[in-house]
Amino acid sequence: MLAFVPGCSLTRAGADAGPSEMAAMRHPFAPTAIRIYPLTHLTRDREHGDVIMCHIELKDRWGDAVKAVGELEVQLFSYPTDGSALRQEATWPVPEMMQPDVNSALFDPATRTYRLRLGRVPAWVRDMISRREAVERGETPQGQRRRLLLKAVFRTVDPQGRESTLFDEFVIEQ
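Here is a short report on the structure shown in this document. Being a predicted model, the structure only gives us computed values, none of them experimental.

Right, let's get into the side chain of H55. If you trace the backbone, H55 turns up in strand 3 (residues 49–59). A distance of 3.0 Å separates the side chain of H55 from the side chain of T113, its partner in a polar contact. Ignoring any residue separated from it by four or fewer positions in sequence, one finds H55 in contact with R35, I36, Y37, L39, T40, T111, T113, Y114 and R115.

Right, dumping it as structure tokens:
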């Protein structure tokens, strides 16, 4: 009498996958996009003075917000009032993004963004903050608006395990 016993064979997950598929499986939620989130704003903080509260969102290939380790730098550019070209005015490297524990502490679960307090802003940014507060209090008319450009550059590893540079720009006008 022959008995038929169904069997199953075990193979490693991804055994038939090619090299790029295997690399993507090792880093499936690696960031593929960065966005300076619209919550970013200029503010006056009692403890830190005039700052830019910068919210950075990283997204995976499905468009979901993710945490990631990498090199982040935020750059500030001014729009000159005389119509000349943009000028880079300040740079904030964020080395904490390379340290998983500190990186995680920067992540705000409510907004799903990294919340960065960028201090030591140039005098003209401090003037923008003061002017906005004076307008809000009704002490001065709106007047001429100023603009600044923030650029975020994030260097990390893509889903295939290659080095990748992501960037985004955001304009604040007041």
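I52, C54, I56, L72, L76, L148 and L150 are the most contacted members of the largest nonpolar core, which totals 32 residues. The residues contacting I52, other than those within four sequence positions of it, are T40, H41, L42, L76, W92, L116, R117, L118, V121 and L150.

Here V51 shows up in strand 3. Under the relative-accessibility criterion, V51 is labelled buried at 0%. Not counting residues up to four positions away in its chain, the partners in contact with V51 are H41, L42, T43, D45, R117, L118, G119, V121 and I129.

In this section: the pairing of strand 10 (residues 163–173). Residue alternation in strand 10 divides its side chains into a buried set, S164, L166, D168, F170 and I172, and an unburied set, E163, T165, F167, E169, V171 and E173. The pairing of strand 9 (residues 147–157) with strand 10 spans 11 bridges and is antiparallel. Across the sheet, the residue bridging to A152 is D168, located in strand 10. Adjacent in sequence and paired antiparallel, strand 9 and strand 10 are bridged by 5 residues, among which G161 carries a positive phi angle near 85°.

Moving on: the pattern of salt bridges. If you walk through the whole model with that rule in mind, you get 10 salt bridges. Here R137 makes a salt bridge to E139, at a shortest N to O gap of 2.8 Å. The residues R137 and E139 share a single accessibility class, namely exposed. The partner of R162 in a salt bridge is D158, with the nearest N and O atoms 3.1 Å apart. D158 gets classed as buried once you look at its relative accessible area, which sits at 10%. Residues joined in a network through salt bridges with shared partners are R35, E57 and K59.

Right, let's get into the packing of aromatic side chains. Using the criterion set out here, one finds 2 aromatic pairs in the structure. Ring centres of F107 and Y114 lie 5.2 Å apart, and the angle between their planes is 75°; this geometry places the pair in the edge-to-face category. What makes F107 buried here is its relative accessible area of 9%. Y114 sits in the buried class, given a relative accessible area of 0%. We note R147 situated over the ring of Y79; from NZ or CZ to the ring centre the distance is 3.9 Å. Above the plane of the ring of F167 lies K151, whose end atom (NZ or CZ) is 5.3 Å from the centre.

Helix length check: helix 3 (residues 123–136), at 14 residues, gives a terminal C-alpha distance of 20 Å against a target of 20 Å (1.5 Å per residue), a fit within 8%. Listed as buried for helix 3 are W124, V125, M128, I129, E133 and A134. Looking one or two residues past helix 3, G138 carries a phi angle of roughly 80°, positive in sign.

The 4 strands lie next to each other as 6-5-9-10, forming an open sheet whose pairing is antiparallel. Strands at the two margins of the open sheet, each flanked by one partner only, are strand 6 (87–94) and strand 10. In this sheet, adjacent strand axes meet at a mean angle of 20° when their direction is disregarded. Bridging between strand 5 (residues 71–78) and strand 9 involves 8 bridges; their strand directions are antiparallel. Each bridged residue has a counterpart across the sheet, and for Q75 the counterpart in strand 9 is K151. The strands touched by helix 3 are strand 5, strand 6, strand 9 and strand 10; relative to strand 9, the strand with the most contacts, the crossing angle is about 120°.

Calculation notes
Residues numbered from 1 in each chain as written. Predicted model: local features only at pLDDT ≥ 70, side-chain atom pairs only at ≥ 80, totals over all residues. Heavy atoms only, no water. Helix = DSSP H or I, 4+ residues; strand = E, 2+ residues; numbered from the N terminus. Polar contact = N/O pair within 3.5 Å; in protein donor to acceptor, adjacent residues only side chain to side chain. Contact = heavy atoms within 4.5 Å. Core = buried A, V, L, I, M, F, W, Y, C linked by side-chain atoms within 4.5 Å. Buried < 20%, exposed > 50% of the residue type's maximum accessible area, 1.4 Å probe, protein only. Pairing = 2+ DSSP bridges. Salt bridge = Lys/Arg side-chain N within 4 Å of Asp/Glu carboxyl O. Phe/Tyr/Trp six-rings, centres within 6.5 Å; stacked < 30°, edge-to-face > 60°. Lys NZ or Arg CZ within 6 Å of the ring centre and 35° of its normal. Expected span 1.5 Å × (residues − 1). Axes fitted to C-alpha atoms, helices over the stretch in contact; angles between N-to-C directions.

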